[in-house]
Amino acid sequence: MSETREHIIRLADRLIRQRGFNAFSYADIAAVLNIRKAAVHYHFATKSLLGQAVIEEELRRVEGYRQAHPKLGGDLQIRHLVGVFFHNSQCNAVCLMGALTPEFATFDAGMQAMVQRLCVAIREWVGDCLEDARSAGWMRFGGSAMDRAALVVSTLLSSLLLSRVEGAGLFCRMIDRLLEDLGAGWRVGDLPAIGPARQEGLYSFT
């Protein structure tokens, strides 16, 4: 990947999380990176292709985390995921899936397919973690782990969106209730302290 292409993807990722996919243009990217719009078009002929590249990078991070921690217990992986969302709540940021799904109906077929891949990948990962945690006795819940994963993911997404409006305290209350319902032996307050808000690297799985 060329350095310019990498910078474009990284900036687009940040703009999607901050503004939404439909609320930024190639002119915004060119202005920040101090390049011509033609340079952005050279790497991504359409905005859809840029969006798909951003999602592909997120999928790579998710899979990279899973491959790097094959023996880490499901409870600890859920704890890591909640910690990432907690970090984002402190930074007044949303995750990529939460930023893209409200605009799903406006995307072309290529973007829609990539958003669907992202949603399925994260939900399946959370489902696998929940099943592992339940089998090990660290969590308890009824029904299938995959159905429970949909509830967990939707709560994480909505908690970030609502905390943007009502403050980060709401995130903690919502997630603590979620953890209580799952029978987890830890709460948001048990997570490591969050350092100064970073402008990049939000929602990082690594």
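Note: the structure precedes this text.
Below: a short report on this structure. (Residues numbered from 1 in each chain as written. Predicted model: local features only at pLDDT ≥ 70, side-chain atom pairs only at ≥ 80, totals over all residues. Heavy atoms only, no water.)

1. Remarks on the pattern of salt bridges
Where charged atoms from two side chains of opposite charge approach closely, those side chains can pair.
Okay, step 1: As enumerated under the stated definition, the model contains 11 salt bridges in all.
Okay, step 2: Across the pair Glu-6 and Arg-10 runs a salt bridge whose closest N-O atoms are separated by 3.0 Å. With Glu-6 and Arg-10 both in helix α1 (residues 3–19) and 4 residues apart, the pair spans about one turn of that helix.
Okay, step 3: A relative accessible area of 32% places Arg-10 in the partly exposed class.
Okay, step 4: Across the pair Arg-61 and Asp-13 runs a salt bridge whose closest N-O atoms are separated by 3.4 Å. With Arg-61 in helix α4 (residues 47–68) and Asp-13 in helix α1, this residue pair connects regions lying 48 residues apart in the sequence. (Salt bridge = Lys/Arg side-chain N within 4 Å of Asp/Glu carboxyl O. Helix = DSSP H or I, 4+ residues; strand = E, 2+ residues; numbered from the N terminus. Buried < 20%, exposed > 50% of the residue type's maximum accessible area, 1.4 Å probe, protein only.)

2. Let's talk about the side chain of Ser-159
Okay, step 1: For Ser-159, the position within the fold is in helix α8 (residues 145–166).
Okay, step 2: At a separation of 2.7 Å, a polar atom in the side chain of Ser-159 contacts the main-chain carbonyl oxygen of Leu-156.
Okay, step 3: If we ignore the near neighbours within four places in the chain, the residues touching Ser-159 are Phe-171, Met-174 and Ile-175. (Polar contact = N/O pair within 3.5 Å; in protein donor to acceptor, adjacent residues only side chain to side chain. Contact = heavy atoms within 4.5 Å.)

3. A few points about the environment of Arg-173
Okay, step 1: Locating Arg-173 in the fold gives a position in helix α9 (residues 168–182).
Okay, step 2: Taking C-alpha positions, Arg-173 is 31 Å from Arg-10, a pair spaced 163 residues apart along the chain.

4. Description of the packing of aromatic side chains
Okay, step 1: Under the definition given, this model contains 4 aromatic pairs.
Okay, step 2: Each ring, one from Phe-21 and one from Phe-24, has its centre 6.1 Å from the other, and the planes form 85°; the classification is edge-to-face.
Okay, step 3: Between the aromatic rings of Phe-86 and Phe-171, the centroid separation amounts to 6.1 Å while the plane-to-plane angle is 20°, which identifies the pairing as stacked. Here Phe-171 lies in helix α9 and Phe-86 lies in helix α5 (residues 74–90), a separation of 85 residues in the sequence.
Okay, step 4: Phe-86 gets classed as buried once you look at its relative accessible area, which sits at 12%.
Okay, step 5: One aromatic cluster is present, formed by Phe-21, Phe-24 and Phe-107 through successive ring pairs.
Okay, step 6: Directly above the aromatic system of Phe-21 lies the positively charged group of Lys-47, at a separation of 4.7 Å from the ring centroid.
Okay, step 7: Sitting above the plane of the Phe-24 ring, Lys-47 keeps its charged end 4.2 Å from the centroid. (Phe/Tyr/Trp six-rings, centres within 6.5 Å; stacked < 30°, edge-to-face > 60°. Lys NZ or Arg CZ within 6 Å of the ring centre and 35° of its normal.)

5. Here we look at the nonpolar core
Okay, step 1: In this structure, Ile-29, Leu-50, Ile-55, Leu-100, Val-126 and Leu-130 are the most contacted members of the largest nonpolar core, which totals 59 residues.
Okay, step 2: Elements with a minimum of two residues in this core: α1, α2 (26–33), α4, α5, α6 (96–100), α7 (109–135), α8 and α9.
Okay, step 3: Considering each element in turn, this core owes the most residues, 10 residues, to α7.
Okay, step 4: Filtering out sequence-adjacent residues up to four positions away, Leu-100 remains in contact with Ile-16, Phe-21, Ile-55, Phe-107, Met-111 and Val-115. (Core = buried A, V, L, I, M, F, W, Y, C linked by side-chain atoms within 4.5 Å.)

6. Observations concerning α5
Okay, step 1: Compared with the 24 Å implied by 1.5 Å per residue over 17 residues, the 24 Å span of α5 between its first and last C-alpha is a close match.
Okay, step 2: Within α5, 13 of the 17 residues are buried, which leaves it mostly tucked inside the rest of the structure. (Expected span 1.5 Å × (residues − 1).)

7. Section: the environment of Val-82
Okay, step 1: Structurally, Val-82 can be placed in helix α5.
Okay, step 2: Taking the relative accessible area as the measure of exposure, Val-82 reaches 2% and is therefore buried.
Okay, step 3: Residues Val-82 and Ser-48 lie 34 residues apart in sequence; the distance between their C-alpha atoms is 29 Å.
Okay, step 4: Ignoring any residue separated from it by four or fewer positions in sequence, one finds Val-82 in contact with Leu-156, Phe-171, Ile-175, Trp-186 and Leu-191.

8. A look at the packing of α4 against α7
Okay, step 1: Direction vectors running N to C along α4 and α7 enclose 15°, while the axes themselves pass 9 Å from each other. When the axes of α4 and α7 are compared, the pair comes out roughly parallel. In this structure, α4 meets α7 at a crossing whose hand is left-handed. Packed against α4, whose contacting residues are Ser-48, Gly-51, Gln-52, Ile-55, Glu-56, Glu-58, Leu-59, Val-62, Tyr-65 and Arg-66, the element α7 presents Gly-110, Met-111, Met-114, Val-115, Arg-117, Leu-118, Ala-121, Ile-122, Glu-124, Trp-125 and Asp-128 at the interface.
Okay, step 2: Split by residue class, the contact of α4 with α7 holds 11 nonpolar, 4 polar and 6 charged. (Axes fitted to C-alpha atoms, helices over the stretch in contact; angles between N-to-C directions. Parallel < 35°, antiparallel > 145°, perpendicular 65-115°, else oblique. Left-handed = near helix turned anticlockwise from the far one by under 90°. Nonpolar A, V, L, I, M, F, W, Y, C, P; charged D, E, K, R; others polar.)

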